[in-house]
Amino acid sequence: MAGEAGFRVESDLHHPAMYYDAAWLEIPLGLTGWASRPTASQFLSLFTSDAVWNTGRWTNREFDALVEQYESTVDEAERTDVANQLATLVRDEVPQIIASWPQVAIAMTNSVHGMPADASSYVELSGAWKE
């Protein structure tokens, strides 16, 4: 598909241990699997100017300020407005394409409580208890 658009792309596959050690943060173009994030703040913080995992090296001080505002706002209507501004900036400006979101299956049982299901691919057990 890239060839039809005038681009020549060569694959350079790395072993995950080598790739995630540093290569994925240094390459000019990469295809990297993502893990889900259970909160918007965890997702948004990946795109702030000084984020370690800001692989697109995108810098936008307005975005950084909006992330701080989002994280400190408790009014639901105001928080929604800030979230919409952030989503627009991510859509329009972030030099990354999130090509897929994996489906996550979480096994549940009626005897375990305090473990809400969410979109994260991680299991959160800090508040869990069993009957």
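This is a predicted model, so every value here is computed, not measured.

Asks: With reference to specific residues and values, describe helix α1 (residues 16-26).
Replies: What α1 keeps buried is the set Tyr19, Ala23 and Trp24. For α1, the arc enclosing every buried residue in end-on projection is 100°, short of the 170-degree limit, so these residues lie on one face. Turned more than 90 degrees from where α1 packs its buried face, Ala17 and Asp21 sit exposed.

Asks: Explain a negative patch on the surface residue by residue, including any values.
Replies: Taken together, the side chains of Asp75, Glu76, Glu78 and Asp81 present a region of like negative charge at the surface. Turning to its location among the elements, Glu76 is positioned in helix α4 (residues 76-93).

Asks: Outline the environment of Ser126, supporting the account with residue identities and numerical values.
Replies: Mapped onto the elements, Ser126 comes out in the loop between β1 (112-113) and β2 (129-130). For Ser126, a relative accessible area of 70% translates into the label exposed. With 15 residues separating them in the primary sequence, Ser126 and Ser111 have C-alpha atoms 16 Å apart.

Asks: So, the side chain of Asp64: which residues are in play, and what are the values?
Replies: Relative to the elements of secondary structure, Asp64 occurs in helix α3 (residues 61-72). Looking at Asp64, the relative accessible area reads 11%, which means it is buried. What Asp64 contacts, discounting residues up to four positions off in sequence, is Thr48 and Ser49.

Asks: Tell me about the packing of aromatic side chains, and name the residues and values.
Replies: For any pair of aromatic rings, the description rests on two quantities: the centre-to-centre distance and the angle between the ring planes. Across all of its chains, the model carries five aromatic pairs by this definition. Between the aromatic rings of Phe43 and Phe47, the centroid separation amounts to 5.3 Å while the plane-to-plane angle is 75°, which identifies the pairing as edge-to-face. Here Phe47 falls in the buried class, since its relative accessible area comes to 2%. Their ring planes at 65° and their centres at 5.0 Å tell us that Trp58 and Phe63 sit as a pair that is edge-to-face. The same class applies to Trp58 and to Phe63, which are both buried. Clustering of aromatic rings is evident, with ring pairs tying together Tyr19, Tyr20, Trp24 and Trp53.

Asks: Please give an account of the nonpolar core that cites residues and values.
Replies: Among the nonpolar cores identified, the biggest contains 13 residues, and Leu44, Phe47, Trp58, Phe63, Leu86 and Val90 are the most heavily contacted of them. When contributions to this core are tallied by element, the ones reaching two or more residues are α2 (40-44), α3 and α4. Once residues within four sequence positions are removed from consideration, Phe63 is found in contact with Leu44, Phe47, Thr48, Trp58, Leu86, Leu89 and Val90.

Asks: Would you mind going over the packing of α3 against α4 in detail, with residue names and values included?
Replies: Packed helices, taken two at a time, are described by the angle their axes make and the gap between the axes. Axis separation between α3 and α4 bottoms out at 9 Å; the angle between their running directions is 150°. On the basis of the axis angle, α3 is roughly antiparallel to α4. The chirality of how α3 crosses α4 is left-handed. Touching Glu62, Phe63, Leu66, Val67, Gln69, Tyr70 and Glu71 of α3 are Glu78, Arg79, Val82, Ala83, Gln85, Leu86, Leu89 and Val90, all from α4.

So, how was this worked out
Residues numbered from 1 in each chain as written. Predicted model: local features only at pLDDT ≥ 70, side-chain atom pairs only at ≥ 80, totals over all residues. Heavy atoms only, no water. Buried < 20%, exposed > 50% of the residue type's maximum accessible area, 1.4 Å probe, protein only. Helix = DSSP H or I, 4+ residues; strand = E, 2+ residues; numbered from the N terminus. Arc of directions from axis to C-beta. Patch = residues over 30% accessible without salt bridge, like charges linked within 9 Å, V, L, I, M, F, W, Y side chains within 5 Å. Areas by Shrake-Rupley, 256 points an atom, 1.4 Å probe, with all protein chains shown as cover. Salt bridge = Lys/Arg side-chain N within 4 Å of Asp/Glu carboxyl O. Lys, Arg positive; Asp, Glu negative; His and termini not counted. Charge placed at Lys NZ, Arg CZ, Asp CG, Glu CD. Contact = heavy atoms within 4.5 Å. Phe/Tyr/Trp six-rings, centres within 6.5 Å; stacked < 30°, edge-to-face > 60°. Core = buried A, V, L, I, M, F, W, Y, C linked by side-chain atoms within 4.5 Å. Axes fitted to C-alpha atoms, helices over the stretch in contact; angles between N-to-C directions. Parallel < 35°, antiparallel > 145°, perpendicular 65-115°, else oblique. Left-handed = near helix turned anticlockwise from the far one by under 90°.

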